[in-house]
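Structural features, examined
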Amino acid sequence: MLTTQEGSVSRTAPRSPRPLCTMSEVTVRPAESADVGVLARIYNHYIRNSISTFEEVEVAGEELELRVAAVTSAALPWLVACSGEKVVGYAYASPWKGRSAYRFTVESTVYLDPGCRRRGIGARLYAELLRELGDRGLHSAIGGIALPNPASVRLHEACGFTKVAHFEQVGFKFDQWVDVGYWQWVDRAHRSTAGDVEPPGRAPSAGSQVQ
Ligand SMILES: CC(C)(COP(=O)(O)OP(=O)(O)OC[C@H]1O[C@@H](n2cnc3c(N)ncnc32)[C@H](O)[C@@H]1OP(=O)(O)O)[C@@H](O)C(=O)NCCC(=O)NCCS
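Since the model is a prediction, treat every value here as computed from it, not as a measurement.

Reading guide: rules and limits
- Residues numbered from 1 in each chain as written.
- Predicted model: local features only at pLDDT ≥ 70, side-chain atom pairs only at ≥ 80, totals over all residues.
- Heavy atoms only, no water.
- Pairing = 2+ DSSP bridges.
- Helix = DSSP H or I, 4+ residues; strand = E, 2+ residues; numbered from the N terminus.
- Axes fitted to C-alpha atoms, helices over the stretch in contact; angles between N-to-C directions.
- Contact = heavy atoms within 4.5 Å.
- Near = heavy atom within 4 Å.
- Polar contact = N/O pair within 3.5 Å; in protein donor to acceptor, adjacent residues only side chain to side chain.
- Areas by Shrake-Rupley, 256 points an atom, 1.4 Å probe, with all protein chains shown as cover.
- Expected span 1.5 Å × (residues − 1).
- Buried < 20%, exposed > 50% of the residue type's maximum accessible area, 1.4 Å probe, protein only.
- Arc of directions from axis to C-beta.
- Phe/Tyr/Trp six-rings, centres within 6.5 Å; stacked < 30°, edge-to-face > 60°.
- Lys NZ or Arg CZ within 6 Å of the ring centre and 35° of its normal.

1. Things to note about the sheet that holds strand 4 (residues 78-83)
Strand order in the open sheet made by the seven strands is 3-4-5-6-7-9-8, with mixed pairing throughout. On the outer flanks of this sheet lie strand 3 (26-30) and strand 8 (162-173), each paired with one strand and no other. Recorded for the sheet is a direction-independent mean angle of 25 degrees between the axes of neighbouring strands. In the sheet, strand 4 pairs with strand 5 (residues 86-95) via six bridges, with the strands oriented antiparallel. Bridge pairing in strand 5 places alanine 81 opposite glycine 89. Running over the sheet, helix 2 (residues 61-73) touches strand 4 and strand 5 and is turned about 120 degrees from strand 4.

Here it is, written out as structure tokens:
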């Protein structure tokens, strides 16, 4: 017999809600066009409810499809995490800037289904993303984080990013000014010069969390 918080008595143990996802069953794969509806649903939650993206108008699945195509046609990765068959998060890289000498640098982005946070899935997605970037000859990734965002800061630092910049009051959302910090990962383990590496293609930016 258990006593509830309010003091009434219950004869059965409270059932904890079934988690939306557990780490043990999570797989990571490239995004497919059939995923764009879920990607839009995840991203739109953060457009509506957070400063983690500076977009303020929800995006349609069709727009997400164009963004995925822009990333993949630039030979960059757009990955999704799946719990069973269900897409529960995504991470991708987009060109950092268009000038040719920036060709080995990308901007990285990650979003999880709000019910699947803090289970190691963000770290898993980012680890896969960084491995893909290394495999494709990329040398540096930059994550822009609208602050405060302790989860994203910790995720980036746990994945080897270090803070390199802080811009004050560059965004204005929900009637307040928002700072943006930049965290950078450099693939120092590999080449110090990129002369012999074929860079990925370039395509228009897919749009990122603080653009
Ligand atoms: C940021 C985000 C991707 C992190 O993914 P996640 O799956 O929740 O994070 P993980 O469980 O993999 O944890 C990674 C690290 O962050 C830490 N962390 C996660 N959530 C945290 C929180 N709310 N506060 C502090 N630390 C947190 C974990 O403890 C872990 O650190 P450790 O390696 O030292 O143990 C996820 O919270 C999210 O989608 N947030 C909303 C969208 C967003 O802000 N995206 C980033 C835009 S820059």
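2. Here's the deal with the site of the ligand
Taken together, 21 residues are adjacent to the ligand, and Arg118, Gly120, Gly122, Asn149 and Arg154 come closest. Within the backbone of leucine 112, an N or O atom sits 2.9 Å from an oxygen atom of the ligand. Within the backbone of alanine 123, a nitrogen or oxygen atom sits 2.9 Å from an oxygen atom of the ligand. Burial of the ligand by the protein chains amounts to 80% of its free accessible area of 920 Å². Those elements that provide at least two residues to the shell around the ligand are strand 6 (105-112), helix 3 (121-135), strand 7 (140-147) and helix 4 (150-158). Take the shell around the ligand: its biggest share by element is five residues, from helix 4.

3. Some points on helix 3
Over its 15 residues, helix 3 runs 21 Å from end to end, which matches the ideal 21 Å to within 8%, given 1.5 Å per residue. All of the buried residues in helix 3 are Ile121, Gly122, Leu125, Tyr126, Leu129, Leu130, Glu132 and Leu133. Looking straight down helix 3, one finds that the buried residues subtend no more than 165 degrees of arc, so they occupy a single side. Positive backbone phi, at 85 degrees, marks glycine 137, one or two positions downstream of helix 3.

4. Thoughts on the pairing of strand 8
Relative to strand 9 (residues 176-186), strand 8 runs antiparallel, the two being bridged by eight bridges. Residue phenylalanine 167 lies in a different strand from strand 9, and its bridge partner there is valine 180.

5. Notes on the packing of aromatic side chains
In total, this model carries 10 aromatic pairs according to the counting rule given. When the centroid spacing of 5.5 Å and the interplanar angle of 25 degrees are considered together, the rings of tyrosine 126 and phenylalanine 161 count as stacked. Note that tyrosine 126 is positioned in helix 3 and phenylalanine 161 in the loop between helix 4 and strand 8, a separation of 35 residues in sequence. With 4.8 Å between their ring centres and 65 degrees between their planes, phenylalanine 172 and tryptophan 177 make a pair best called edge-to-face. Of the aromatic side chains, those joined through ring pairs into one cluster are Tyr43, Tyr46, Trp78, Tyr90, Tyr92 and Tyr111. In this arrangement the basic side chain of lysine 97 is found over the ring face of tryptophan 96, its NZ or CZ atom lying 5.8 Å from the centre.

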